[in-house]
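Here's the letter readout for the chains.
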Amino acid sequence: LNLQLQQSEMLHSVGQLAASVTHEVRNPLAVARGFMQIFQKEKYIPEDKKIFLTMMIEEIDRAQTIISDYLSLVKTNTSKIERLNITELLSSLKGVMYPFALLKGVELVQNGQEEVHVIGDQGKLKQILMNIIKNAIEATPEGGVVTLSAEKGNREIIIHISDTGIGMGREQLRMLGNPFFSTKSTGTGLGLMASYRMAAEMNGRIEATSEVGKGTHFKIIFPE
Ligand code: ADP
Ligand code: MG
């Protein structure tokens, strides 16, 4: 028991260390990204060189993603439990993810206005939904749609995220949530694993159905 306690204390400190390192690393990255964006607009930089700036920005974005995917694995469990308005949360996430969807030529829509609530940790739920929405947008070709909605089921709350993307086969569906499972050239394969874990910490679960070439439907289910 003593050893277990020591281990959990150690994990806690590692988590805190990771969180502060992440914070410290993110700021300089954001500053560098900002200057690159400014240079992108400069007239004295030849157009054929600007592609390098775009590549630099993309690489910084990739570094940010890797940092946040790894961080969500070691994050300490200081959860703040409150009553969350899912309809509002989805609408704000739609705003957050809008630029990314626009860039990919994917439409992001929210259906249904019924007020739905979940008891849980806002930070965790945001992270779960962002991971799944981001995957949905990434899987959807230009002109496709990602739809967000929430409903009251039978003693549970169901959040739906569906896309008209490339879909997944049975084998691939089975692999979801496994660490490092990714079909993307620059994927970390950690987003869903962290999401499944955080959903479980909130007494919830995640289910996915999919059809190759048609699209994917994720359900994030919480007790009412
Ligand atoms: P990453 O996004 O870094 O690849 P994730 O854990 O977020 O890692 O996702 C793991 C894998 O699950 C993805 O690489 C992809 O193959 C598959 N996947 C997840 N969501 C979808 C989706 N909406 N449509 C198709 N494939 C998906
Ligand atoms: Mg992902």
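Everything that follows concerns the structure shown earlier in this document.
Residues numbered from 1 in each chain as written. Chains lettered and ligands numbered in written order. Predicted model: local features only at pLDDT ≥ 70, side-chain atom pairs only at ≥ 80, totals over all residues.

## Details of the nonpolar core
- By size, the foremost hydrophobic cluster in this structure holds 35 residues, and its most contacted members are Ile-86 and Ile-133.
- Of all elements in the fold, only α3 (86–104), α4 (122–139), β4 (145–152), β5 (156–163), α6 (191–201) and β7 (215–223) reach the threshold of two or more residues within this core.
- Per-element tally for this core: the top contributor is α4, with eight residues.
- If we skip the residues at most four places from it in the chain, Ile-86 touches Val-116, His-117, Val-118, Ala-150, Ile-157 and Ile-159. (Core = buried A, V, L, I, M, F, W, Y, C linked by C-beta atoms within 7 Å. Buried ≥ 20, exposed ≤ 12 C-beta atoms within 10 Å, placed from the backbone. Helix = DSSP H or I, 4+ residues; strand = E, 2+ residues; numbered from the N terminus. Contact = placed C-beta atoms within 7 Å.)

## Focus on α3
- Here α3 spans 25 Å end to end across 19 residues, near enough to the 27 Å set by a 1.5 Å rise per residue.
- Largest kink in α3: about 50°, centred on Met-97, with the proline Pro-99 one to four residues after it.
- On its buried side, α3 packs onto β1 (81–85), β2 (107–110), β3 (117–121), α4, β4 and β5.
- Gly-105 lies just past α3 and shows a positive phi near 70°. (Expected span 1.5 Å × (residues − 1). Bend = angle between axes of the 7 residues up to and from the residue.)

## Quick word on the packing of α3 against α4
- Running from N to C, α3 and α4 point in directions that differ by 30°, and their axes come no closer than 10 Å. When the interaxial angle is binned, α3 and α4 end up roughly parallel. Read as a crossing pair, α3 and α4 show a hand that is right-handed. Facing Leu-89, Leu-93, Met-97, Phe-100, Ala-101 and Lys-104 of α3, the residues of α4 in contact are Leu-125, Lys-126, Leu-129, Met-130, Ile-133, Lys-134 and Ile-137.
- Among the residues forming the contact of α3 with α4, the class breakdown is 10 nonpolar, no polar and three charged. (Axes fitted to C-alpha atoms, helices over the stretch in contact; angles between N-to-C directions. Parallel < 35°, antiparallel > 145°, perpendicular 65-115°, else oblique. Left-handed = near helix turned anticlockwise from the far one by under 90°. Nonpolar A, V, L, I, M, F, W, Y, C, P; charged D, E, K, R; others polar.)

## Remarks on the site of ligand 1
- In the vicinity of ligand 1, 22 residues are found, and the nearest of them are Ala-139, Ser-182, Gly-187, Gly-191 and Leu-192.
- Looking at which element gives the most residues to the shell around ligand 1, the answer is α4, with four residues.
- Per-class residue counts for the shell around ligand 1 are nine nonpolar, 11 polar and two charged. (Near = placed C-beta within 6 Å.)

## Observations concerning the environment of Lys-152
- Position of Lys-152 among the secondary structure elements: in strand β4.
- The partly exposed category is assigned to Lys-152, around which 14 C-beta atoms lie within 10 Å.
- When the C-alpha positions of Lys-152 and Ser-185 are compared, they lie 38 Å apart, and in sequence the two are 33 residues distant.
- For Lys-152, the residues in contact, after removing those within four places along its chain, are Val-116 and Ile-157.

## Quick word on the packing of α4 against α6
- Closest axis-to-axis distance for the α4/α6 pair is 9 Å, and the angle between their directions is 145°. Between α4 and α6 lies a crossing of left-handed hand. Within the contact between the two elements, α4 uses Lys-124, Gln-127, Ile-128, Asn-131, Ile-132 and Asn-135 and α6 uses Gly-191, Leu-192, Ala-194, Ser-195, Met-198, Ala-199 and Glu-201.
- Along the lines of polarity and charge, the residues of the contact of α4 with α6 split into six nonpolar, five polar and two charged.

## So, α4
- An ideal rise of 1.5 Å per residue puts 26 Å on 18 residues; α4 measures up with 26 Å between its terminal C-alpha atoms.
- Among the residues making up α4, those that are buried are Lys-124, Leu-125, Ile-128, Leu-129, Asn-131, Ile-132, Ile-133, Asn-135, Ala-136, Ile-137 and Ala-139.

## What about the environment of Ile-133?
- Assignment of secondary structure puts Ile-133 in helix α4.
- For Ile-133 and Lys-80, which are 53 residues apart along the polypeptide, the C-alpha to C-alpha distance reads 23 Å.

## Some points on the sheet that holds β7
- Strand order in the open sheet formed by five strands is β2-β4-β5-β7-β6, with mixed pairing between adjacent strands. Both outer strands of the open sheet, β2 and β6 (205–211), are each paired with one neighbouring strand and no more. For this sheet the average axis-to-axis angle between neighbouring strands, irrespective of direction, equals 15°.
- As paired strands, β5 and β7 are joined by eight bridges and run antiparallel to one another. Each bridged residue has a counterpart across the sheet, and for Ile-158 the counterpart in β7 is Ile-221. (Pairing = 2+ DSSP bridges.)

Honestly, it's all geometry; don't read function into it.
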